[in-house]
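Spelled out, the chains give:
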Amino acid sequence: MKKDRYSVAVVGATGAVGNMMVRVLERRNFPVSELVLLASGRSEGKTLIFRGKDYPVKELTESSFRGIDIGLFSAGGSVSARFAPIAAECGCVVIDNTAHFRMDPEVPLVVPEVNPEAIVGYPRRNIIANPNCSTIQMVVVLKPLHDAAKIKRVVVSTYQSVSGTGKDAIEEMLNQSREMSTAINWTKSDPLFALSGALEPYKSMDTNVYPHRVAFECLPHIDVFLENGYTKEEMKMVWETDKILDPAIKLTATTVRVPTFFGHSESVNVETELPLAPAEARLVLQKAPGIKVLDDPLRNIYPLTALAAGEDATLVGRIRADESVPNGLNLWIVSDNILKGAALNAVQIAEILIQKYL
């Protein structure tokens, strides 16, 4: 018999994504009968508010999933590798936000606006994977364009905020920015000279999270470098797009960490088999789920991370023809990486799961 309400566990509840998962469950009125907040022993005893009530955070153990229907995991790949199969064995359907299960052929990799039908395969492992945040926002926009004109090739460059790395990265950039800002001597007659001189000692600051200073800098380095010269983050976008959308699409990526706190931006070049004018592309995207078109550059209207913050939709603008190829488009895509890029996507998967499969 179908349930009216479901017991839900959030693993990694005290992290940025876990915390957002709790907020999204409340905001979308997910039918929760019991909420269990799980994290490492360091967080045990902390509380989070859900529907006006304080919920204690409990230590994650192998016995945490008895009686749990759905587990939203966002506590790191090693935690998911160990505990997701345990939860699945207990009858809990795991929706995992890490990279650990994404390319497992028995685990659906799902973006609800793109391939919700893939959820049907969840019983093979009782696990569903949430894609990479940069992949999610890109394929949400690519899907309607692919349906309309069949995409042949994509070139994407990302501009990813430090929140994608976690709370420690946010703190590191904030501290570096404060330290460098207070060092600038604006009393010099030439501000540019003063700025360059003040920043000289900070060319090689001590860092804990990134290999180089990220404040006032762009790092073309997200995740580890692979033998082919690409980073793992770049190849994730290739591999995941193949699995989610269409393996026939040729895709190449360059991923860059930039000194913004929240929101990921992407410059996306698309080449299609059929002609698709910018005006037609705008109409297609305006009708597609999960997308908001902001595209009036003469009035300075285009996607910004500030506009994407707290926004469920993926923002797209700067839609224009690539004049170097017959059927090319350039797009600027921005999304809240903690919300749609992680927490919201997971809860949307859970919503489809209870509507159609549980």
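Residues numbered from 1 in each chain as written. Predicted model: local features only at pLDDT ≥ 70, side-chain atom pairs only at ≥ 80, totals over all residues. Heavy atoms only, no water.

### Digging into the sheet that holds strand E2 (residues 32–39)
Phase 1 of the analysis: In space, the 7 strands of this open sheet follow the order E3-E4-E2-E1-E5-E6-E7, with mixed pairing throughout. Here the strands that pair on one side only, and so sit at the sheet edges, are strand E3 (47–50) and strand E7 (127–129). Strand-to-strand, the axes of this sheet are offset by a mean angle of 25°, without reference to chain direction.
Phase 2 of the analysis: Alignment of strand E1 (residues 6–11) against strand E5 (residues 70–73), held across 4 bridges, turns out to be parallel. Note on E5: the bridge partner recorded for Val10 is Leu72.
Phase 3 of the analysis: Each of E1, E5, strand E6 (93–96) and E7 touches helix H9 (residues 339–356); the most contacted strand, E5, lies at about 165° to it. (Pairing = 2+ DSSP bridges. Helix = DSSP H or I, 4+ residues; strand = E, 2+ residues; numbered from the N terminus. Axes fitted to C-alpha atoms, helices over the stretch in contact; angles between N-to-C directions. Contact = heavy atoms within 4.5 Å.)

### Some words on the pairing of strand E12 (residues 314–321)
Within a regular beta strand, the side chains point alternately toward one face of the sheet and then the other, so they alternate between its two faces.
Phase 1 of the analysis: Note: strand E11 (residues 291–293) against E12, 3 bridges, orientation parallel. Residue Val293 lies in a different strand from E12, and its bridge partner there is Val316.
Phase 2 of the analysis: Pairing of E12 with strand E13 (residues 328–335) involves 5 bridges; the strand directions are antiparallel. The residue of E13 that forms the bridge with Leu315 is Val334.
Phase 3 of the analysis: A loop of 6 residues connects E12 with E13, the two strands running antiparallel in sequence.

### Some thoughts on the environment of Arg124
Phase 1 of the analysis: Note that Arg124 resides in the loop between E6 and E7.
Phase 2 of the analysis: Placed 19 residues apart in sequence, Arg124 and Pro105 show a C-alpha to C-alpha distance of 9.8 Å.
Phase 3 of the analysis: Contacts of Arg124, omitting those with residues within four sequence positions, involve Pro105 and Glu106.
Phase 4 of the analysis: At 3.4 Å, the side chain of Arg124 and the backbone oxygen of Glu106 are in polar contact. (Polar contact = N/O pair within 3.5 Å; in protein donor to acceptor, adjacent residues only side chain to side chain.)

### Some words on the nonpolar core
In globular proteins that are soluble, nonpolar side chains generally tend to be buried together.
Phase 1 of the analysis: Formed by 53 residues in total, the largest nonpolar core has its most connected members in Phe65, Val154, Val316 and Leu331.
Phase 2 of the analysis: Ranked by residues supplied to this core, first place goes to helix H3 (residues 133–149) with 8 residues.
Phase 3 of the analysis: The next biggest cluster of nonpolar side chains, apart from the first, holds 39 residues, and it includes Leu25, Leu35, Val93 and Ala342. (Core = buried A, V, L, I, M, F, W, Y, C linked by side-chain atoms within 4.5 Å. Buried < 20%, exposed > 50% of the residue type's maximum accessible area, 1.4 Å probe, protein only.)

### Considerations on the layout of surface pockets
Phase 1 of the analysis: The space that makes up the largest pocket amounts to roughly 1,300 Å³.
Phase 2 of the analysis: Around the largest pocket, the lining comprises 48 residues; the ones closest to its centre are Ser74, Gly76, Gly164, Thr165 and Gly166.
Phase 3 of the analysis: For the lining of the largest pocket, the secondary structure elements donating two or more residues are helix H1 (16–27), helix H2 (77–89), helix H4 (167–183), helix H6 (232–244) and H9.
Phase 4 of the analysis: Residue composition of the lining of the largest pocket, by class: 18 nonpolar, 22 polar and 8 charged. (1 Å grid on protein atoms, 1.4 Å probe; cavity = no way out; pocket = protein on both sides within 12 Å on 5 of 7 lines; lining within 4 Å. Points joined across faces, edges and corners; volume = space filled by probe spheres on them. Nonpolar A, V, L, I, M, F, W, Y, C, P; charged D, E, K, R; others polar.)

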